[in-house]
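Summary of the model geometry
Okay, here's what each chain looks like letter by letter:
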Amino acid sequence: MESRGKKKSKIHRKKEKPRLKPKEMTNGGGGDANIGSYNYRMFSFFNRKFKINEVKPPPDVNKAFSLFTDDSAHIDADQLRRFLVVHQKDVNTRVEDAEHIIEQVVSRRHPVIGTARNSLTLDDFFYFLFCDDLNGPIRTQVHHDMTAPLSHYYIYTGHNSYLTGNQLSSDCSEVPIIRALQNGVRVIELDLWPGSSRDEIYVLHGRFRQVFGLERITRCLDKSTVITVIVYRNFSNSMFYVWNFRTLTSPVSLIQCLTSIKQYAFVSSPYPVIITLEDHLTPELQAKAAELIAQTFGSMLHLSETDFLTEFPSPESLKYRIMISTKPPKGCLENRSKDSDEENSPNSANELERSESDEEDEEYKSVQAGVSEYKRLITIHAGKPKGGFMEALNVEADKVRRISISEQKLVKVAVSHGLQVVRFTKKNILRVYPKGTRVTSSNYDPITGWMHGAQMVAFNIQGYGKHLWIMHGMFRANGGCGYVMKPEHLNRPSDQLFDPKTTFPVKKTLKVKIYMGDGWRLDFSHTHFDAYSPPDFYSKIYMAGVPADEAKRKTKVIEDDWVPVWDETFTFSLTVPDLAVLRIETWDYNLHEKDNFGGQTCLPIPELKTGIRSVPLHDKKGVKYRNVRLLMYFEFEETV
């Protein structure tokens, strides 16, 4: 980080919660001559007054305006259309689209005039360029081919979707599930456990142990330090199960989660929701779960007509449908052995036992029917053969399936069997999940999974950090529908498979110019970043992707300015642009303390629009700020 002579006193600074500033301080592109000033108290004796600098169009904006208006003072609809087609490369823009933009800008900036004007001034034009809803950086419509099998897509996947925070002590709730679905997540994970009563099912994060036989149950209860112990009898084999929960997470009922999924599944996307179940249930409760799932979703459930799919259906064919994915229960419940001598014994005690056995037989048959129904609901079969993970990677001609692997296991396998993983994911589904030590709900680098074709890179959506931001960025692609077509090289025929170890030549060069930023003065109090002066903003620009494409750039620090103007240009060479994500962060520089976060965003490179664009920033959780945005320029150069 560059040093400077100025020292900023940060002692006893108290941060305030973000709040909107007065409306007269308009954001972005307004060209307002007087947009106010701030007073900062120094040492309790006197005030320092800092004027908020006028927001002026960058030279490139002035040049573009002059070029497409022939040096006129106004730009009309036809001239604006030409600017959008030629300069911005929005080749499908119609005059009607340009007229709509003019109408929106005039109504927002000149509400008294209304729609009487049919052209824009330079300040209006600048305002338009700074509006991310009118001039955003990426495409906002679904445009990928949605008729390919599910295995051809990256799918927005959650891990332990019901947790509100960390993996050890946070509450389990339907609220994180609702929030994930609203944000476009398409795969929801539920861990199913026996509840406190015989037919109750909890969704809970826990570790368990099964103990058979009453005498061993007694020993377990005597010696084990547990939080909750639940004992059930399995009528299929007259044995007992003990579930020993070892986390402090409080449960939520299965029916609450299912009801929430039904209500919010398609609020952000019409494409299918997949529920992956981690099943820790007895056969009796599997039957109960099948009943709840069938009753809740009804005709929304997609059911397979065969025991195994030979190819996954397409997202297009599964619109507004819900699929269940888990390990199928064992083919047949184990028959209970009976002593033939006891069956033939004439004494009354055995007659009573036979009577009780008949009752248990009826209950056993009922449970067996319920388990069969549970199995019928499973469309995407999960699990792996007894031979281990490498055996599981063998592609079967007559069936497709899903297998799961931890992040560490994937890294190890990728080194020696990367091509085999790619071959598997061409037809089957691979789910990658965080390692167990991520108790704070942190996440891992998703690029390794994507490089190898893993469709379900499962993330702690309730977590935090740069890897989650990259995940957000990837799934802003394709209109944010939760399904992103994998790069062509990962869906090739088997004789043309892509080797992830291959280093490709540079295919594209991306030119990024960051002009300026604005909006912090509207979304934050004037002392949020510094109690004694305006913030000193700088930006970092990262390229996330395959190892050859990773890069980092940094702007200079602009001191004491709520509207920083950097006007700096950077270039990035891309060998696999389909897997690249542009990560942008803005920070307030502090000489003696940790820099203050000022916003972030991640943009998928294949979706990036060229030209001058407004780039909205988000907070650490991925929530978009109301006003904070950057004005940037993007240009691609194809490499021959």
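Everything discussed here concerns the structure shown above.
Below is a short write-up of the structure. (Residues numbered from 1 in each chain as written. Predicted model: local features only at pLDDT ≥ 70, side-chain atom pairs only at ≥ 80, totals over all residues. Heavy atoms only, no water.)

1. Comments concerning the overall build of the protein
How we decide: Starting at the N terminus, helices and strands are each numbered in turn, a helix being any DSSP run of H or I of at least four residues and a strand any DSSP run of E of at least two. Each residue is placed in one exposure class: buried if its accessible area under a 1.4 Å probe, protein chains only, is under 20% of its type's maximum, exposed if it is over 50%, and partly exposed if it falls in between. Accessibility throughout is a Shrake-Rupley quantity obtained with a 1.4 Å probe, and a residue counts as covered only by protein chains that appear here.
Across its full length, the protein carries 15 helices and 25 strands. In the protein, which comprises 640 residues, the share counted as buried stands at 55%. If you sum the accessible surface of the protein, you get close to 29000 Å²; carbon and sulfur atoms cover 50% of it.

2. Describing unusual backbone geometry
Positive phi outside glycine occurs at serine 441, with the angle close to 65°. Mapped onto the fold, serine 441 is located in the loop between β15 (429-433) and α13 (447-451). Its relative accessible area of 1% is what places serine 441 among the buried residues. Of note, the phi angle at asparagine 478 is positive, near 55°, even though the residue is not glycine. Considering the arrangement of structural elements, one finds asparagine 478 in the loop between α14 (466-474) and β17 (483-485). The exposure class of asparagine 478 is buried, given its relative accessible area of 0%.

3. Concerning the nonpolar core
Here is the rule: In this description, a nonpolar core means a group of buried Ala, Val, Leu, Ile, Met, Phe, Trp, Tyr and Cys residues linked to one another through side-chain atoms lying within 4.5 Å. Only heavy atoms matter for contacts: two residues are in contact if any of them lie within 4.5 Å across the pair.
Core analysis: the largest hydrophobic core is formed by 143 residues, its most contacted members being Leu80, Leu190 and Ile261. In terms of residue count, the dominant contributor to this core is strand β25 (residues 624-638) (7 residues). Those residues in contact with leucine 80, other than ones at most four positions away along the chain, are Ile75, Ala98, Ile101, Ile102, Leu120, Phe125 and Phe128. Listed in part, the 18 residues of the second largest apolar core include Tyr153, Ile155, Ile380 and Val400.

4. Comments concerning the pairing of strand β19 (residues 537-544)
Note the threshold: We treat two strands as partners when DSSP finds at least two bridges between them.
Burial runs high along β19: 8 of the 8 residues are buried. Inspection of the sheet shows β19 paired to strand β22 (residues 581-588) by 8 bridges, in the antiparallel sense. Of the residues in β22, the one forming a bridge with methionine 543 is leucine 582. Relative to strand β20 (residues 551-554), β19 runs antiparallel, the two being bridged by 4 bridges. Across the sheet, the residue bridging to lysine 540 is lysine 554, located in β20. What sits between β19 and β20 in their antiparallel hairpin is a turn of 6 residues.

5. Here's the deal with the sheet that holds strand β13 (residues 378-381)
Condition: Note on method: axes are straight lines fitted to C-alpha atoms, helices fitted across the in-contact stretch only, with angles between N-to-C directions ranging 0 to 180 degrees.
Taken together, the 6 strands give an open sheet; going across it, the order is β10-β7-β6-β11-β12-β13, and neighbouring strands pair in mixed fashion. Every interior strand has two partners, whereas the edge strands, β10 (252-253) and β13, have only one. Across 2 bridges, the pairing between strand β7 (residues 201-203) and β10 is antiparallel. By the bridge assignment for β10, valine 203 is matched with valine 252. Packing of helix α8 (residues 283-297) onto the sheet brings it into contact with β6 (187-194), β7, β11 (273-279) and β12 (322-326), and relative to β7 it is tilted by some 70°.

6. Some points on the packing of helix α5 (residues 175-182) against helix α7 (residues 254-264)
Selection criterion: In these notes the angle categories are as follows: under 35 degrees is roughly parallel, over 145 is roughly antiparallel, 65 to 115 is roughly perpendicular, and the rest is oblique. Helix crossings fall into two classes, left-handed where the near helix is turned counterclockwise from the far one by less than a right angle and right-handed where it is turned clockwise. Residue polarity follows a fixed list, in which Ala, Val, Leu, Ile, Met, Phe, Trp, Tyr, Cys and Pro are nonpolar, Asp, Glu, Lys and Arg are charged, and the others, Gly among them, are polar.
Viewed as axis vectors pointing N to C, α5 and α7 meet at an angle of 20°, and their least axial separation amounts to 9 Å. Classified by the angle their axes make, α5 and α7 are roughly parallel. Note that α5 runs across α7; the crossing there is right-handed. The segment α5 lies against α7, with Ile177, Ile178, Leu181 and Gln182 engaging Cys257, Ser260, Ile261 and Tyr264. Across the contact of α5 with α7, the residue classes break down as 6 nonpolar, 2 polar and no charged.

7. Considerations on α5
Listed as buried for α5 are Pro176, Ile177, Ile178, Ala180 and Leu181. In this structure, the buried residues of α5 make contact with β6, α7 and β11. A positive phi of about 100° marks glycine 184, the residue just after α5.

8. Thoughts on the pattern of salt bridges
Definition in use: Any carboxyl oxygen of Asp or Glu within 4 Å of a side-chain nitrogen of Lys or Arg constitutes a salt bridge here.
By the definition in use, this model includes 20 salt bridges. Glutamate 396 is paired through a salt bridge with lysine 399; the nearest N and O atoms lie 4.0 Å apart. Taken together, the shared-partner salt bridges in this structure form one network comprising Asp60, Lys513 and Asp567.

9. Structural notes on α8
Which entries qualify depends on this criterion: Here the expected length of a helix is defined as 1.5 Å per residue gap, with one fewer gap than residues.
The terminal C-alpha atoms of α8 lie 21 Å apart, and with 15 residues this matches the ideal 21 Å at 1.5 Å per residue to within 8%. In terms of residue burial, α8 counts as a mostly covered element, since 11 of its 15 residues are buried. Backbone geometry just after α8 places glycine 298 at a positive phi near 50°.

10. A few points about the sheet that holds β15
Strand pairing within a sheet occurs via backbone hydrogen bonds; the two strands may be parallel or antiparallel. Pairing is parallel across the open sheet formed by 3 strands, whose spatial order is β14-β15-β16. Bordering the open sheet on either side are β14 (402-406) and β16 (456-457), each of which pairs with just one other strand. Relative to β16, β15 is paired through 2 bridges, and the arrangement is parallel. Note that in β16 the partner of arginine 431 across the bridge is methionine 456.

Purely geometric stuff here, so don't read any function into it on its own.
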